[in-house]
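The residues making up each chain are set out below.
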Protein chains: 2
Amino acid sequence: MFKATVIIKRRPSILDPQGKAVEEGAKLLGFDNIDGTRIGKYVEFNIDAEDYDSAEKEVKEYAEKLLSNPIMEDFEFHLEEAK
Amino acid sequence: MFKATVIIKRRPSILDPQGKAVEEGAKLLGFDNIDGTRIGKYVEFNIDAEDYDSAEKEVKEYAEKLLSNPIMEDFEFHLEEAK
């Protein structure tokens, strides 16, 4: 059993209107030294695989096919063995 | 200037219907060895602060007041100096 965490971010060249909106909120609250806010997704799950390599292969496929939008997002993941 | 990343997750006791929905999708795609999918937010931004301590204090306040819902979410953050 492995525990996987995947972070999905928009590519730097793609605008992030949600991040902009949050940053506007920050300015209204007085946080005027914050910029470049970008919002992505954080996904964690357990994966029941034989070994690290097959878990890694499956996480990549899961992230590419379902979790991320390959046109505008990149993902990175971390995998660790769970007891 | 510091670069902050904040991860916001629902508390473990709070149901995550979005995670459940994604997991149903995974099953339809044939990933039937995945469970416990939970979806959170990943936020990154730059913060222009004098030193680490004041940046940390501000990131905490920003996350508590604006980025997370303190009733049902927890957050963790990482801060590093940017050149």
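Preceding this section is the structure that the text describes.
Within each chain, residue numbers correspond to sequence positions counted from 1 in written order. The naming scheme follows written order: chains are lettered A onward, ligands numbered 1 onward. Per-residue local features of the predicted model are confined to residues with pLDDT of at least 70, and side-chain atom pairs are confined, for both listing and counting, to 80 or more; whole-chain, interface and lining totals are unaffected and use all residues. With hydrogens and water stripped out, all remaining heavy atoms of the structure feed into the side-chain values.

Engineer: So what exactly am I meant to see when it comes to the interface of chain A and chain B here?
Structural biologist: Interface size is often expressed as the accessible area that is lost when the parts come together. In what follows, a contact means two residues having at least one pair of non-hydrogen atoms within 4.5 Å. Taken residue by residue, the interface counts 30 residues in chain A and 30 residues in chain B. When two components associate, each loses some accessible surface as probed by a 1.4 Å sphere; the sum of these losses over both components is called the buried area. Carbon and sulfur atoms make up 61% of the surface buried where chain A meets chain B, a total of about 2700 Å² over both sides. Basic side-chain nitrogens of Lys or Arg form a salt bridge, by our definition, when they fall within 4 Å of a carboxyl oxygen of Asp or Glu. Across the salt bridge formed by Glu44 of chain A and Lys9 of chain B, the nearest N and O atoms sit 3.5 Å from each other. Of all elements in the fold, only β1 (2–10), α1 (17–28), β2 (34–47) and α2 (52–67) of chain A reach the threshold of two or more residues within the side of chain A that touches chain B. Here the side of chain A that touches chain B takes 14 residues from β2 of chain A, the largest share from any one element. Per the convention used, a helix needs a DSSP run of H or I reaching at least four residues, while a strand needs a run of E reaching at least two, with both numbered from the N terminus.

Engineer: Just to check I follow, could you spell out the relation of the copies chain A and chain B for this structure?
Structural biologist: What connects the two chain copies is a rotation about an axis and a shift along it. A least-squares superposition brings the copies together, and it is based on the C-alpha atoms of residues with pLDDT no lower than 70 in both. Each copy of the sequence occupies a distinct position, and chain A is placed on chain B by a rotation of 180° and an axial shift of 0.0 Å, giving an RMSD of 0.0 Å. Those values place the two copies in the arrangement expected of a two-fold rotation axis. Across chain A, the rotation axis passes nearest the C-alpha of Lys41 of chain A, at a separation of 2.3 Å. Mapped onto chain B, 100% of the interface residues of chain A again fall at the interface, so both copies present the same surface.

Engineer: Honestly, the packing of aromatic side chains in this entry has me stumped. Any pointers?
Structural biologist: Both the distance between ring centres and the angle between the ring planes are used here to describe each pair of aromatic rings. Centre distance within 6.5 Å is the pairing criterion for rings of Phe, Tyr and Trp, where only the six-membered ring of Trp is used; planes under 30 degrees apart are then read as stacked, over 60 as edge-to-face, and the remainder as tilted. Enumeration according to the criterion identifies six aromatic pairs over all chains in this entry. Where Phe31 of chain A meets Tyr62 of chain B, the ring centres are 5.4 Å apart and the plane angle is 55°; that geometry is what we call tilted. Taken together, the residues span two chains, with Phe31 of chain A in the loop between α1 and β2 and Tyr62 of chain B in helix α2 (residues 52–67). Partly exposed describes any residue whose relative accessible area lies between the buried limit of under 20% and the exposed limit of over 50%, with all areas from a 1.4 Å probe on protein chains only and scaled to the type maximum. Its relative accessible area of 5% is what places Phe31 of chain A among the buried residues. Summarising the aromatic geometry, the rings of Phe45 of chain B and Tyr62 of chain B are spaced 4.9 Å apart at their centres and angled 80° between planes, so their arrangement reads as edge-to-face. In this pair, Phe45 of chain B is assigned in strand β2 (residues 34–47) and Tyr62 of chain B in helix α2, connecting sequence segments 17 residues apart. Taken together, the aromatic side chains of Phe31 of chain A together with Phe45 and Tyr62 of chain B make up a single cluster linked through ring pairs.

Engineer: How should I be thinking about the sheet that holds β2 of chain A in this particular structure?
Structural biologist: Sheets are built from strands that pair by backbone hydrogen bonding, the pairs being arranged parallel or antiparallel. Two strands pair under a simple rule: DSSP has to find at least two bridges between them. Spatial ordering of the open sheet is given by β3(A)-β1(A)-β2(A)-β2(B)-β1(B)-β3(B), a layout of six strands whose pairing is antiparallel. Two strands in the sheet have a free side with no partner beyond their single neighbour: β3 (73–81) of chain A together with β3 (73–81) of chain B. With direction set aside, neighbouring strand axes in the sheet form an average angle of 20°. Where helices are involved, their axes are fitted lines through C-alpha atoms of the stretch in contact, as for all axes, and angles between N-to-C directions lie from 0 to 180°. Strand contacts of α2 of chain A: β1, β2 and β3 of chain A together with β2 of chain B, with the helix running at about 150° to β3 of chain A, the strand carrying the most contacts.

Engineer: Got a minute to help me understand the packing of α2 of chain A against helix α1 (residues 17–28) of chain B in this structure?
Structural biologist: The interhelical angle for the contact between α2 of chain A and α1 of chain B, taken along N-to-C directions, is 110°, at an axis separation of 11 Å. Looking at the two axes, α2 of chain A sits roughly perpendicular to α1 of chain B. Contacts between α2 of chain A and α1 of chain B involve Tyr62, Leu66 and Leu67 of chain A on the former and, on the latter, Val22, Glu23, Gly25 and Ala26 of chain B. Gly is put with the polar residues, along with every residue not named as nonpolar or charged; the nonpolar set is Ala, Val, Leu, Ile, Met, Phe, Trp, Tyr, Cys and Pro, and the charged set is Asp, Glu, Lys and Arg. Broken down by class, the residue content of the contact of α2 of chain A with α1 of chain B amounts to five nonpolar, one polar and one charged. Convention used here: angles under 35 degrees read as roughly parallel, angles over 145 as roughly antiparallel, angles from 65 to 115 as roughly perpendicular, and any remaining angle as oblique.

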